[in-house]
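Breakdown of the fold
Okay, here's what each chain looks like letter by letter:
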Amino acid sequence: RVRPMPIYKDTSATVKGFVGYAARMSKKYDNDILRVQSIKIHPEGNWTAGAAPMLEPYLHTGKTGSFGVEPKRSKALVLAANKAGLNTIIHTDGDASARAALDAFTAANEAGYGKMRNAIHHLIWVHPDDFRRIVDMKVPINSTPGFGNDWGGQDRQAYEMLGYKRTEERFCKYPDLVRAGATVSLSADVLSTPLTSQAPLFVVEAAVTMMEPSEQGSSKPFPKTRKGLTVEQAIRTVTIDAAWQVKMEDKIGSLEVGKYADIVVLEANPFEVEPLEIEEIDVLLTMMDGKIHHQVDKAAPDELNPDKPSVRSGDFKIDPASKSKKD
């Protein structure tokens, strides 16, 4: 199920022209497999290069970074997109860009678009005041755990470029947002991380341990004062809360009567293995719309045999007598 987003990064494009293009795409692609329902604004460079906008200067340069897409333009895009029925996703690396995104969403709420699911992606740095705004405004967040741990030595970079206090206070706050009641989904940035890092269980392990699974043995929990998620919380971020963010919570994300049978069968229980072993759990079987699309030999006991009436490829149904989602 794919949700492509036209991305706004080149400011030579007009607000009207870009949103008009996105609106045409949303009409053309509007089904549960392929749907355009949002635009994405990419307003900045990376914080590791000292380019992302910060509220206070980087220590090593004394500069605060800069916007590629100025906040005024982002606000205009949010308002125009929401008016056209499109949600807006804003990429934020710096805490100044996070504040600008929240200002734009505030303007949208004041204009009557409070029911839109405008969201922030990454949210790598966020000021404590804006953390509170996210919770109070119920802004959805998508984060990438690999961008918030010590992957590739970015722990050293963070301390050197922004200092210990600011790093511990503002860097990688998605676990605290989950605990504060925000709707958070976790995934991996396709263009910036290894292919193996795209797997949901890889993301879950990283969120639980606050370490980098691809660097096991050398990775250490980071930020040092940040507590990771529980396994249950982390699994929610890649299932029902992720489904809510793409407006499909009534169809996918949990096992309930009436929803699509999008199901994954794992070799081991993530709640029972050691946290550092979660990423190593094999996927035995995957279903989509009740049809088996992937199955390994060891996933074929009688209860998972597609030739049995209980689970037939293309005709899977959840037992209505089951009251528990866990069942």
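Presented here is a report on the structure given in the accompanying data block. Numbers given to residues run from 1 along each chain, matching the order in which its sequence is written. Selection of residues for local features in this predicted model requires a pLDDT of at least 70, selection of side-chain atom pairs for listing and counting requires 80 or more, and totals for whole chains, interfaces and linings are taken over all residues. Water and hydrogen atoms play no part in the side-chain values, which are based on all heavy atoms of the structure.

Looking at the layout of surface pockets
Cavity and pocket criteria rest on a 1 Å grid covering protein atoms alone: a 1.4 Å probe that fits but cannot get out defines a cavity, protein on both sides within 12 Å along at least 5 of 7 lines defines an open pocket, and an atom within 4 Å of a point defines a lining residue. Grid points are joined across faces, edges and corners, and a volume is the space filled by probe spheres set on the points. Within this model, the second largest pocket holds a volume of roughly 280 Å³. Numbering goes from the N terminus for both helices and strands, where a helix is a DSSP run of H or I of at least four residues and a strand is a run of E of at least two. Those elements giving two or more residues to the lining of the second largest pocket turn out to be α3 (95-110) and α4 (128-137).

As for the packing of α3 against α4
Each axis is a line fitted through C-alpha atoms, taken for helices only over the stretch in contact, and angles between the N-to-C directions span 0 to 180 degrees. The geometry of α3 relative to α4 is characterised by a closest axis approach of 10 Å and an angle of 30° between their N-to-C directions. The element α3 and its partner α4 pack so that their crossing is left-handed. Only D129, D130, R133, I134 and M137 of α4 make contact with α3, whose side of the interface consists of D95, R99, L102, D103, F105, T106 and N109. A breakdown of the residues in the contact of α3 with α4 according to their chemical character gives 4 nonpolar, 2 polar and 6 charged. We call a crossing left-handed when the near helix sits turned anticlockwise from the far one by less than a right angle, and right-handed when that turn is clockwise. Contacts between residues were defined by any pair of non-hydrogen atoms, one from each residue, lying within 4.5 Å. Residues are grouped as follows: Ala, Val, Leu, Ile, Met, Phe, Trp, Tyr, Cys and Pro are nonpolar; Asp, Glu, Lys and Arg are charged; all remaining types, including Gly, are polar.

Considering the sheet that holds strand β2 (residues 38-41)
With parallel pairing, 6 strands are arranged side by side in an open sheet as β1-β2-β3-β4-β5-β6. Bordering the open sheet on either side are β1 (7-8) and β6 (184-186), each of which pairs with just one other strand. Pairing of strand β5 (residues 141-143) with β6 involves 3 bridges; the strand directions are parallel. Pairing of S143 across the sheet is with L186, part of β6. Its contacts with the sheet put α3 on β3 (87-92) and β4 (119-122), and the angle it makes with β3 is roughly 165°. If DSSP finds at least two bridges between two strands, the strands pair.

Observations regarding the environment of A180
Relative to the helices and strands, A180 resides in the loop between α7 (174-179) and β6. Through-space distance from the C-alpha of A180 to that of D136 is 9.8 Å; in sequence the pair is 44 residues apart.

A look at helix α1 (residues 15-28)
The first and last C-alpha atoms of α1 sit 20 Å apart over 14 residues, in line with the 20 Å expected at 1.5 Å per residue. Here's how the labels work: a residue is buried when its accessible area is under 20% of the maximum for its type, exposed when over 50%, partly exposed in between, all with a 1.4 Å probe on protein chains only. Looking only at α1, the buried set comprises V15, F18, V19, A22, A23, M25 and S26. The buried side chains of α1 occupy one side of the element, clustering within an arc of 160° when seen end-on. Facing away from the buried side of α1, by more than 90 degrees, are the exposed residues K16, R24, K27 and K28. Buried positions along α1 lie against β1, β2 and α2 (71-83). A helix is expected to span 1.5 Å multiplied by its residue count minus one. Picture the helix axis, draw a direction to every C-beta atom, and the arc is the one those directions span.

Notes on a nonpolar patch on the surface
Judged by side-chain polarity, V2, I33 and L34 come together as a nonpolar surface patch covering roughly 230 Å² of accessible area. Take L34: it is sitting in the loop between α1 and β2. Using a relative accessible area of 30% as the deciding quantity, one classes L34 as partly exposed. Residues qualify for a patch when their relative accessible area is over 30% and they have no salt bridge, like charges being joined within 9 Å and the nonpolar side chains of Val, Leu, Ile, Met, Phe, Trp and Tyr within 5 Å. To measure how exposed things are, a 1.4 Å probe is used in the Shrake-Rupley method; for residues, cover is taken only from the protein chains shown. Between Lys or Arg on one side and Asp or Glu on the other, a salt bridge is scored when a side-chain nitrogen of the former is within 4 Å of a carboxyl oxygen of the latter.

Remarks on the nonpolar core
By size, the foremost hydrophobic cluster in this structure holds 58 residues, and its most contacted members are W47 and L177. The greatest single-element share of this core, amounting to 6 residues, is contributed by α3. Contact partners of L177, with chain neighbours within four places excluded, come to L123, F131, I134, V135, I141, A182 and V184. I263, L285, M287 and I292 belong to the second-largest nonpolar core, a separate cluster that totals 5 residues. Residues grouped as a nonpolar core are buried Ala, Val, Leu, Ile, Met, Phe, Trp, Tyr and Cys residues, joined through side-chain atoms within 4.5 Å.

Describing the sheet that holds strand β7 (residues 263-266)
Spatially, the 3 strands line up as an open sheet ordered β7-β8-β9, and their pairing is antiparallel. Two strands in the sheet have a free side with no partner beyond their single neighbour: β7 and β9 (291-295). Sheet twist, expressed as the mean angle between neighbouring strand axes with direction ignored, is 15°. In this structure, strand β8 (residues 283-288) lies alongside β9, joined through 4 bridges in antiparallel fashion. In the sheet register, M288 faces β9, and the bridge partner there is K291.

Notes on α3
For α3, built from 16 residues, the straight-helix expectation of 22 Å at 1.5 Å per residue is met to within 8% by its first-to-last C-alpha distance of 23 Å. Residues D95, A96, S97, A98, A100, A101, L102, A104, F105, A107 and A108 constitute the buried set of α3. Two residues or fewer after α3 comes G112, characterised by a positive phi angle close to 100°.

Topic: unusual backbone geometry
Among all residues save glycine, negative phi is the norm, and among peptide bonds the norm is trans. In this chain, F222 is followed by P223 through a cis amide linkage whose omega measures -5°. Residue position: P223 is located in the loop between α8 (200-209) and α9 (231-237). In this structure, H122 is a non-glycine residue whose phi angle is positive, near 80°. Within the secondary structure, H122 sits in strand β4. A positive phi angle, close to 60°, is found at M210, a residue other than glycine.

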